[in-house]
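Residue-level structural notes
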Amino acid sequence: SGHQPRAIYTNQKISQKMEQYLCCRRFLSKYLLLARCGFYQFNPLQRRFQKYQNFFFIGRKYNYPVALEGALKLKEISYIHAEGYGAGEMKHGPLAMIDENFPTVAIAPKDDVYNKMLSNIQEIRARKGKVIVITTEDSVEDLSRLTKDIFVVPTTSSFLSPIVTAISLQLF
């Protein structure tokens, strides 16, 4: 018959999962090396934004917890007021606080919620808010029309993007 024995099917699945794991591991190892070099991308941003005493960090989906972590790190290390928000919750309250003295760090890799993040960034810019965007290589052109403060991370799968963006936030 056309059915594979269960053991062969299971071994194929295990083999596929192992290959995915090894691919992810190789990517992350390579990225960690690049991240050390990426520190120099953040130096000009650090100097430009060091005078501010308030920051928003926003993200969606998998990057929402990264926004929370970024805000927490900034508070712990710099004793600066920082708030992490789900970008979908920016309407009304948090958005009303945005102005030129309250910069936002937007975690916006090109994924399935990217267009919604673009919309959030546009809303912040409409209120004269400054935006630092952490994004993937394939979205720099779109975002460069909205801000010059862009930190680029490698393009990866959406479930790995929080690792890449979280490492980048550690450099800020």
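Presented here is a report on the structure given in the accompanying data block. Remember, it's a predicted structure, so these values are computed and weren't measured experimentally. (Residues numbered from 1 in each chain as written. Predicted model: local features only at pLDDT ≥ 70, side-chain atom pairs only at ≥ 80, totals over all residues. Heavy atoms only, no water.)

**Some remarks on the overall build of the protein**
Assigned secondary structure in the protein consists of 6 helices and 5 strands. Counting only residues that meet the buried cut, the protein has 41% of its 172 residues in that class. Restricting to contacts in the protein with at least 6 residues of sequence separation, those with at least 24 account for 69%. Here the protein has roughly 10000 Å² of accessible surface; of this, 55% comes from carbon and sulfur atoms. (Helix = DSSP H or I, 4+ residues; strand = E, 2+ residues; numbered from the N terminus. Buried < 20%, exposed > 50% of the residue type's maximum accessible area, 1.4 Å probe, protein only. Contact = heavy atoms within 4.5 Å. Areas by Shrake-Rupley, 256 points an atom, 1.4 Å probe, with all protein chains shown as cover.)

**Structural notes on the side chain of T104**
Position of T104 among the secondary structure elements: in strand β3 (residues 104-107). Given the relative accessible area of 0%, T104 is considered buried. Non-local contacts of T104, meaning those with residues more than four positions away in its chain, are made with F56, I58, I98, I124, K130, V131 and I132.

**A word on the packing of aromatic side chains**
Inspection of the entire model under this criterion finds 3 aromatic pairs. Ring plane angle 20° and centroid distance 4.5 Å describe the contact between F56 and F102, whose orientation is recorded as stacked. Taken together, the positions of F56 in strand β1 (residues 54-59) and F102 in the loop between α3 (93-96) and β3 put the pair 46 residues apart, joining distant regions of the chain. F102 carries the same exposure label as F56, and that label is buried. Among the aromatic residues, those joined into a ring-pair cluster are F56, Y85 and F102. (Phe/Tyr/Trp six-rings, centres within 6.5 Å; stacked < 30°, edge-to-face > 60°.)

**Re unusual backbone geometry**
A positive phi angle, close to 55°, is found at K61, a residue other than glycine. Structurally, K61 can be placed in the loop between β1 and α2 (64-78). A relative accessible area of 42% means that K61 is categorised as partly exposed. Here the phi dihedral of K128 falls at roughly 65°; this positive angle occurs in a residue that is not glycine. For K128, the location among the structural elements is in the loop between α4 (114-126) and β4 (131-136). Given the relative accessible area of 58%, K128 is considered exposed.

**Some thoughts on the pattern of salt bridges**
As enumerated under the stated definition, the model contains 7 salt bridges in all. Across the pair E123 and K91 runs a salt bridge, and its minimum N-O distance is 3.4 Å. One end of the pair, E123, is in helix α4; the other, K91, is in the loop between β2 (81-86) and α3, with 32 residues separating them in the sequence. Notably, a salt bridge pairs E141 with R145, separated by 4.0 Å at the nearest N-O pair. Note on R145: relative accessible area 62%, which makes it exposed. Taken together, the shared-partner salt bridges in this structure form one network comprising E69, K73 and E76. (Salt bridge = Lys/Arg side-chain N within 4 Å of Asp/Glu carboxyl O.)

**A word on the side chain of R60**
Its place among the elements puts R60 in the loop between β1 and α2. A polar contact of 3.0 Å, which involves the side chain of R60, links it to the side chain of N120. Not counting residues within four places of it along the chain, the set of residues in contact with R60 comprises A87, G88, V113, K116, M117 and N120. (Polar contact = N/O pair within 3.5 Å; in protein donor to acceptor, adjacent residues only side chain to side chain.)

Treat this as a map of the structure, not an account of what it does.
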